[in-house]
Amino acid sequence: AMSSEWTHLAAIAWPLLVALILGIVVHWSLHALARVASRRAHEHMRARIAQVVAVPAAVALPLLFLSLALDATPIDPDLLGQLRHWIAIGGMLCLTWLGARVVGAIEARILLEHPVDVEDNLAARRIQTQARVISRVIQAGVVLVGVSLALMTFPQVRQVGAGLLASAGIIGLIAGVAAQPVFGNLIAGLQIALAQPIRLDDVVIVE
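Since this is a predicted model, take the numbers as computed values, not measurements.

Each value, and the rule that gives it
Residues numbered from 1 in each chain as written. Predicted model: local features only at pLDDT ≥ 70, side-chain atom pairs only at ≥ 80, totals over all residues. Heavy atoms only, no water. Axes fitted to C-alpha atoms, helices over the stretch in contact; angles between N-to-C directions. Helix = DSSP H or I, 4+ residues; strand = E, 2+ residues; numbered from the N terminus. Parallel < 35°, antiparallel > 145°, perpendicular 65-115°, else oblique. Nonpolar A, V, L, I, M, F, W, Y, C, P; charged D, E, K, R; others polar. Core = buried A, V, L, I, M, F, W, Y, C linked by side-chain atoms within 4.5 Å. Buried < 20%, exposed > 50% of the residue type's maximum accessible area, 1.4 Å probe, protein only. Contact = heavy atoms within 4.5 Å. Phe/Tyr/Trp six-rings, centres within 6.5 Å; stacked < 30°, edge-to-face > 60°. Salt bridge = Lys/Arg side-chain N within 4 Å of Asp/Glu carboxyl O. Expected span 1.5 Å × (residues − 1). Polar contact = N/O pair within 3.5 Å; in protein donor to acceptor, adjacent residues only side chain to side chain. Bend = angle between axes of the 7 residues up to and from the residue.

Observations concerning the packing of helix H2 (residues 45-71) against helix H3 (residues 77-113)
Piece 1. The N-to-C vectors of H2 and H3 enclose an angle of 175 degrees; their axes lie 9 Å apart at closest approach. Here H2 is positioned roughly antiparallel relative to H3, judged by the angle of their axes.
Piece 2. Of the residues contributing to the contact of H2 with H3, the split by class is 17 nonpolar, four polar and five charged.

What follows is the structure in structure tokens.
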């Protein structure tokens, strides 16, 4: 009996140990790649892409290794289902993180191509203002969608969502009234960024 227990534990431990070692190696390797790429990101497109992708991948790939290792272990199916669920949520959040980093990288490139430390920087400040505002809005939308999808993987949250949709008329009215200042400020900010009545770094001179 003791021998069979050790055999069972070994069958569980060795895939997880292999996944742990691979995950650590890949994690540190990708972080090292990101550090090297960050020093060359201003010069090379490949370095910028590597910098954006490497950091989320340093988390996503170890999660993938863990998922594969769990499939090779003789553990309880219910526990396996729960662990795979959390790993899937981690993967979805990594994709959300990647999406936000892509938007941030595009914004950084636009800012780099339109510097404001020149004598006539009116056009550059206009583009920078638009890029910053639009980038923040898109990043917030990406995070909101990603977190919402992750939460919807829980049956309890799906039931609440279905209940809210069933009473969408009343809930929508209440939510619309409650969110009106927030959306009003958001739309006003976008209008300012696009119409450009003022820009970042504008100076008001009195007398």
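Further notes follow.
Topic: the nonpolar core
Piece 1. Grouped together as the largest cluster of nonpolar side chains are 10 residues: Ala-19, Val-26, Leu-30, Ala-34, Ala-54, Val-55, Ala-57, Ala-58, Phe-65 and Ala-69.
Piece 2. Put simply, the parts of the chain that give this core at least two residues each are helix H1 (2-40) and H2.
Piece 3. In terms of residue count, H2 provides more of this core than any other element does, six residues in total.
Piece 4. Sequence-distant contacts of Val-26, that is, excluding residues within four places in its chain, are made with Leu-61 and Phe-65.
Piece 5. Of all hydrophobic cores here, the second largest spans five residues; its members include Ile-12, Leu-70, Leu-80 and Ile-87.

Some thoughts on the packing of H3 against helix H4 (residues 122-151)
Piece 1. The N-to-C vectors of H3 and H4 enclose an angle of 175 degrees; their axes lie 9 Å apart at closest approach. The angle between H3 and H4 falls in the class roughly antiparallel.
Piece 2. Across the contact of H3 with H4, the residue classes tally to 14 nonpolar, seven polar and three charged.

Describing the packing of aromatic side chains
Piece 1. If you walk through the whole model with that rule in mind, you get one aromatic pair.
Piece 2. Considering the side-chain rings of Trp-86 and Phe-154, the 5.4 Å spacing of their centres and the 65 degrees angle between planes classify their relative orientation as edge-to-face. Of this pair, Trp-86 sits in helix H3 while Phe-154 sits in the loop between H4 and helix H5 (155-166), and the two are 68 residues apart along the sequence.
Piece 3. Since its relative accessible area comes to 54%, Trp-86 is described here as exposed.

Focus: the pattern of salt bridges
Piece 1. According to the stated counting rule, one finds three salt bridges in the structure shown.
Piece 2. For the salt bridge of Arg-136 with Glu-107, the shortest nitrogen-to-oxygen distance reads 2.6 Å. Placement of Arg-136 in helix H4 and of Glu-107 in helix H3 is noted, with a sequence separation of 29 residues between them.
Piece 3. Its relative accessible area of 44% is what places Arg-136 among the partly exposed residues.
Piece 4. Under the relative-accessibility criterion, Glu-107 is labelled buried at 8%.
Piece 5. Among the ionic pairs, Glu-113 bridges to Arg-109, the shortest N-O distance being 2.9 Å.

Here we look at H4
Helical geometry: 3.6 residues make up each α-helical turn, so side chains three or four residues apart lie on a common side.
Piece 1. Relative to the 44 Å expected for 30 residues at 1.5 Å per residue, H4 spans 44 Å between its end C-alpha atoms, a close match to the ideal helical length.
Piece 2. Taken together, the buried positions of H4 are Ala-124, Arg-125, Gln-128, Thr-129, Gln-130, Ala-131, Ser-135, Gln-139, Gly-146 and Ala-150.

Some remarks on the side chain of Glu-107
Piece 1. Engagement of the side chain of Glu-107 in a polar contact is seen with the side chain of Arg-136, the distance being 2.6 Å.
Piece 2. When residues no more than four places from it in sequence are discounted, the contact partners of Glu-107 are Ala-131, Arg-132, Ser-135 and Arg-136.

Describing H2
Piece 1. The first and last C-alpha atoms of H2 sit 38 Å apart over 27 residues, in line with the 39 Å expected at 1.5 Å per residue.
Piece 2. At Ala-57, H2 shows its strongest bend, of approximately 40 degrees.
Piece 3. Looking at H2, one finds that the buried residues are Ala-47, Arg-48, Val-52, Ala-54, Val-55, Pro-56, Ala-57, Ala-58, Phe-65, Ser-67, Ala-69 and Leu-70.

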